[in-house]
Amino acid sequence: MPELPEVEVVRRKLEPQLTGRTIRRIVTTEPSYFFLTSPGTLKRRLRGQTVRGLVRKGKYLSLEFDSGNTLLLHLGMTGQLFMSGASSLRLLQSTAHVALSPEAQPTFVTDKHTHFQMYFDDDRPHMLFRDVRKFGKVKLLGTGEIDPRIAKLGTDALKADPEALFRACKSRKTAIKNVLLDQSVLAGVGNIYADEALFAAGVRPTRRAPRVTRKECGRLIAALQRILLRSIETGGSSISDFVNPDGEDGKFQDERRVYARTGEPCCSCSETIKRLVIGQRSSHFCPHCQS
Ligand SMILES: [Zn+2]
């Protein structure tokens with residue numbers, strides 16, 4: 001599932017390729033729950049709009065237009081947003097991880113999962129939104145309109161401050177892991193990054209939130225931001241179906257200390273990494289290093 005770093009990688013790659021361009025035509029698949037705005041309305045209202053920028057809050061992307069309208073994009077579980085010409089083995093639904101030279105990787109061909117395509121009034125590549133499981137979303141917002149999903153998000157995790165986390169912890173009777181995943185507290189933190197930050201800060205995911213100290217909140221936010229930035233730098237995680245717009249797989253999964261390492265030795269103390277389910281999500285931690 002694409003998380004904050006993956007979405008930010010997409011934003012950084014696509015924004016310079018979209019800004020200043022004017023939409024000529026929208027091509028979609030049939031109406032479905034993928035489209036929060038109907039395909040017909042998207043085709044009619046997006047034509048002629050000029051892109052001003054692509055911004056991110058949490059895991060949401062907003063394509064902003066000169067008109068003041070915004071196209072809200074969410075990648076869901078398996079969404080892939082990229083420009084035509086991108087090539088990737090994953091896009092070709094190959095399960096084999098065969099290393100091919102860039103020249104040998106065929107260019108992506110539009111398939112039934114390519115739900116949304118945006119063509120511009122020039123000859124440069126067009127934008128595609130492909131989503132196999134269709135949990136992704138596309139919604140057009142009018143000028144000044146704010147989607148309730150965006151309105152309820154807390155501070156973006158990259159901009160969060162320790163004091164706000166500390167206050168949120170004091171008022172919640174749940175495990176710290178649940179507070180970190182609560183999008184109304186910190187927008188964009190997913191399971192992998194929460195587990196890794198808890199390990200780096202030495203805090204056990206099951207600890208009751210009110211018992212996390214101000215100092216530990218400082219360590220958690222610092223660790224979270226360091227890990228998120230590092231993941232952005234390396235192209236995001238590709239544990240799931242994420243593919244970055246260059247068609248390269250992210251490299252962050254090679255740097256995991258606890259996430260999905262159940263039964264393996266802790267890299268710091270050699271104790272066995274444990275797994276527990278907290279709030280219906282898997283949590284991975286070292287019983288020795290985290291208290
Ligand atoms: Zn350990």
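Look up a bit, the structure's there.
Residues numbered from 1 in each chain as written. Predicted model: local features only at pLDDT ≥ 70, side-chain atom pairs only at ≥ 80, totals over all residues. Heavy atoms only, no water.

1. Overview of a nonpolar patch on the surface
A contiguous nonpolar patch, built from Met-1, Tyr-33, Met-77 and Phe-135 and spanning about 380 Å² of accessible area, is present on the exposed surface. Take Tyr-33: it is sitting in the loop between strand S1 (23-28) and helix H2 (39-46). (Patch = residues over 30% accessible without salt bridge, like charges linked within 9 Å, V, L, I, M, F, W, Y side chains within 5 Å. Areas by Shrake-Rupley, 256 points an atom, 1.4 Å probe, with all protein chains shown as cover. Salt bridge = Lys/Arg side-chain N within 4 Å of Asp/Glu carboxyl O. Helix = DSSP H or I, 4+ residues; strand = E, 2+ residues; numbered from the N terminus.)

2. Structural notes on the coordination of the zinc ion
Listed as protein donors to the zinc ion are Cys-266 (SG), Cys-269 (SG), Cys-286 (SG) and Cys-289 (SG); their distances from the metal cover 2.2 to 2.3 Å. Taken together, the four donor atoms surrounding the zinc ion define angles of 100 to 113° at the centre, an arrangement classified as tetrahedral. Owing to a relative accessible area of 0%, Cys-286 belongs among the buried residues under this scheme. (Donors = N, O, S within 2.8 Å, 3.2 Å for Na, K, Ca; no water. Tetrahedral: all angles 85-135°; square planar, octahedral: opposite > 155°, others 65-115°. Buried < 20%, exposed > 50% of the residue type's maximum accessible area, 1.4 Å probe, protein only.)

3. What to know about the nonpolar core
Counting residues in each nonpolar core, the largest one holds 33 residues, and the members touching the most others are Leu-165, Ile-176, Val-179, Leu-180, Leu-186 and Leu-220. Elements represented by at least two residues in this core include exactly helix H1 (4-18), helix H4 (162-170), helix H5 (176-181), helix H6 (191-201) and helix H7 (214-233). Sort the elements by how many residues they give to this core and H7 lands first, with eight residues. In this view, Leu-180 contacts Leu-165, Leu-186, Val-189, Ala-194, Leu-198 and Leu-220; residues no more than four positions away in its chain are not counted. Residues Leu-71, Leu-73, Leu-75 and Met-127 belong to the second largest nonpolar core, which totals 27 residues. (Core = buried A, V, L, I, M, F, W, Y, C linked by side-chain atoms within 4.5 Å. Contact = heavy atoms within 4.5 Å.)

4. With respect to the sheet that holds S1
With respect to topology, four strands assemble into an open sheet ordered S1-S6-S7-S5, the strand pairing being antiparallel. A single partner strand is all that each edge strand has here, and the edge strands are S1 and strand S5 (79-83). Within the sheet, the average angular offset between the axes of one strand and its neighbour, ignoring direction, is 10°. Both strand S6 (residues 114-120) and strand S7 (residues 127-131) contribute to a ladder of four bridges, which runs antiparallel. Bridging across to S7, Phe-116 finds its partner in Phe-129. Contacting S5, S6 and S7, H1 crosses the sheet at an angle of about 35° to S5. (Pairing = 2+ DSSP bridges. Axes fitted to C-alpha atoms, helices over the stretch in contact; angles between N-to-C directions.)

5. Digging into unusual backbone geometry
Backbone geometry at Ala-260 places phi at a positive 55°, although glycine is not the residue there. With respect to the helices and strands, the residue Ala-260 is situated in the loop between H7 and strand S11 (274-278). Of note, the phi angle at Ser-270 is positive, near 75°, even though the residue is not glycine. On the secondary structure map, Ser-270 appears in the loop between H7 and S11. Accessibility expressed as a relative area gives 55% for Ser-270, which makes it exposed.

6. Brief notes about the packing of H4 against H7
It is at 8 Å that the axes of H4 and H7 come closest, and there the two elements cross at 125°. Between H4 and H7, the crossing angle belongs to the class labelled oblique. Note that H4 runs across H7; the crossing there is right-handed. Contacts from Pro-162, Glu-163, Leu-165, Phe-166 and Cys-169 in H4 reach Arg-214, Cys-217, Gly-218, Leu-220 and Ile-221 in H7. Along the lines of polarity and charge, the residues of the contact of H4 with H7 split into seven nonpolar, one polar and two charged. (Parallel < 35°, antiparallel > 145°, perpendicular 65-115°, else oblique. Left-handed = near helix turned anticlockwise from the far one by under 90°. Nonpolar A, V, L, I, M, F, W, Y, C, P; charged D, E, K, R; others polar.)

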